[in-house]
Amino acid sequence: MNILVIGNGTREDALSWLLANSPSCSALFAAPGNAGTASRGENWSEISATDGKTLAERALEKKIDLVVIGPDAAIAAGVADRIRAAGIAVFGPDRSPGRLESSKIFAKRFMERHGIPTARGRAVHSLEAGRKVLSDWEGGCVVKADGLASGKGVVVAADAQAALATVEEWYGPAGIPGGGSGIILERRLIGRELSFFALGDGATLVPWVSACDYKRALDGDRGPNTGGMGSYTPPEGFPRNYVEIIRERILDPVARGLKAEGERYMGALYCGLMWTDDGPMVIEFNARFGDPEMQAIAPRVRGDFAALLAGAAQGRLDPALIDFTDEACVAVVLTTTEYPIRSTPLGGLPSEFALPDKVLSFWGVSRRNGDVVDTAGGRVLTISALGSSLEQARDRAYEAARDIRAKFGVDAVRYRRDIALSVSPPVEKVSSVT
Ligand code: AMP
Ligand code: GLY
């Protein structure tokens, strides 16, 4: 198969690595791609990830058999619709079912219609309505912008007063992150977070794998939210039958709901879950793989990943192709020092560096420039390491992160030091507030 990966981030580098190493892949292309995808195939660096028309034309011209979409912006822009209409198999949902991610109000109403466990929430479209809802609110409140907001659209507030301050800001000069007009006010849930991934082939949603990620910039989950500072898989401390519980309470009802609403969901469904005393509750859906979860998952994947995704994209996913090593994997993200406040471009980095066995690295937004790599800054590189235990994987990842930081410049990049270290308390100790 000729395979095209859409996107230019670290997740897409990890995807391209998996796809290029799949027996059924004959050639790999990426649009626009980055320094990592360039080392595995051809980058169409002049084509934007959201330009469905040009992507469909070039994919036809280059006889692409399978397109794998990485970023949410491409799904929301209808890139899958465009390429599918050209007769090419696409792993990535059409824009309409993709609203499970691109509209939090759509997702909340969908969950309410189909009995999917989620925090109770109210949608508002004005400051007045927000004030009214919050006037008799008790407990913590999470304020969410309706649309895609690159990780800036959620504020967890301790109480109604703090929530109102955010609502006032968003309906004031600051504007609503992502530019929409709606906001969701929802109950704050207490529990442990889990990123759970399912694969959809238009009829079913099949459990794939899960991981935990770290969103805050600083150790101990302090500092501002980021796109993700690290991740690990498999998750620890959840009930032994957690996959069955998620399938029964979430995946099956979602699949039935999509069918009843005439939607065909072909692609990854990322369920952002909070595991509470009452079990898993959905805090968000994403219509794609996670970043940096994918960087920790990729090294554990066995078998023909390209064939697995192609099956899903053709409406006949073969669960027998789902296979993972028993090893643990830890992914640590190296970022420029001022991230996420500022992403300062960082260039002239070595394009190749020796990594020990069981350790891999994936580039963020970047391009090759002769022998060096120039990056956009922010999340520069992710180091992923496998181990027979989480501890061994973490030690390997951090040893490599130290070496690479020394090469890139200790003043140029940093990383969190507690990835996979602060594994949260077991679920029995967690209580839910609703
Ligand atoms: P999201 O952008 O929807 O992933 O939200 C970002 C983060 O906000 C999540 O990873 C959670 O840590 C937190 N969050 C979102 N919804 C809730 C909720 N209902 N209760 C508690 N925390 C939440
Ligand atoms: N890991 C967070 C995300 O991919 O949205």
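Here we summarise the structure given alongside this text. (Residues numbered from 1 in each chain as written. Chains lettered and ligands numbered in written order. Predicted model: local features only at pLDDT ≥ 70, side-chain atom pairs only at ≥ 80, totals over all residues. Heavy atoms only, no water.)

## Some thoughts on the overall build of the protein
For the protein, the count of helices and strands is 13 helices and 21 strands. By its C-alpha atoms, the protein is 60 × 50 × 45 Å across when sized along the principal axes. Counting only residues that meet the buried cut, the protein has 56% of its 434 residues in that class. Sequence separation of 24 or more characterises 68% of the internal contacts of the protein that already satisfy a separation of 6 or more. For the protein, the exposed surface amounts to about 17,600 Å²; the carbon and sulfur share of it is 47%. The positive charge centre, built from 50 side chains, and the negative charge centre, built from 54, are 2 Å apart in the protein. (Helix = DSSP H or I, 4+ residues; strand = E, 2+ residues; numbered from the N terminus. Buried < 20%, exposed > 50% of the residue type's maximum accessible area, 1.4 Å probe, protein only. Contact = heavy atoms within 4.5 Å. Areas by Shrake-Rupley, 256 points an atom, 1.4 Å probe, with all protein chains shown as cover. Lys, Arg positive; Asp, Glu negative; His and termini not counted. Charge placed at Lys NZ, Arg CZ, Asp CG, Glu CD.)

## Side note on unusual backbone geometry
Look at the link from Ala31 to Pro32: it is a cis peptide, with omega at -10°. By secondary structure assignment, the location of Pro32 is in strand β2 (residues 27–32). A cis amide bond links Thr233 to the next residue, Pro234, at an omega of 0°. Relative to the helices and strands, Pro234 is located in the loop between β12 (222–233) and α10 (242–260). One non-glycine residue with positive phi stands out, namely Lys63, at about 55°. Relative to the helices and strands, Lys63 resides in the loop between α3 (52–61) and β4 (66–69).

## Points about the sheet that holds β2
One open sheet holds the five strands; their spatial order is β3-β2-β1-β4-β5, and the pairing between them is parallel. Unpaired on one side and paired on the other, β3 (42–43) and β5 (89–91) mark the two borders of the sheet. In this structure, β2 lies alongside β3, joined through two bridges in parallel fashion. Note on β3: the bridge partner recorded for Phe29 is Glu42. Its contacts with the sheet place helix α1 (residues 10–20) against β1 (2–7), β2 and β4, and it is angled at close to 170° to β1. (Pairing = 2+ DSSP bridges. Axes fitted to C-alpha atoms, helices over the stretch in contact; angles between N-to-C directions.)

## A short note on helix α7 (residues 104–113)
Burial within α7 is extensive, with seven of its 10 residues counted as buried. For α7, every residue scored as buried is listed here: Lys104, Ile105, Phe106, Ala107, Lys108, Phe110 and Met111. Positioned one or two residues after α7, Gly115 has a phi angle of 65°, which is positive.

## Re the site of ligand 2
Around ligand 2, the surrounding shell consists of Asp213, Tyr270, Asn286, Arg288, Gly290, Asp291, Pro292 and Glu293. In the environment of ligand 2, a nitrogen atom lies 2.7 Å from a nitrogen or oxygen atom belonging to the side chain of Asp213. With respect to ligand 2, the side chain of Tyr270 contributes an N or O atom lying 3.3 Å from a nitrogen atom. Here ligand 2 has 200 Å² of accessible area as a free molecule, and 88% of this is covered by the chains. (Near = heavy atom within 4 Å. Polar contact = N/O pair within 3.5 Å; in protein donor to acceptor, adjacent residues only side chain to side chain.)

## Notes on the sheet that holds strand β18 (residues 366–369)
One open sheet holds the three strands; their spatial order is β16-β19-β18, and the pairing between them is antiparallel. Of all strands in the sheet, those bounded by a partner on one side alone are β16 (346–350) and β18. Each strand axis lies, on average, 30° off the axis of its neighbour in the sheet, ignoring direction.

## Focus: the state of the cysteines
Counted by the stated rule, this structure contains zero disulfides. For Cys212, which is in no disulfide, the shortest distance to another cysteine sulfur is to Cys329 and amounts to 13 Å. Residue Cys329 is classed as buried on the basis of its relative accessible area, which comes to 0%. (Disulfide = S-S within 2.5 Å.)

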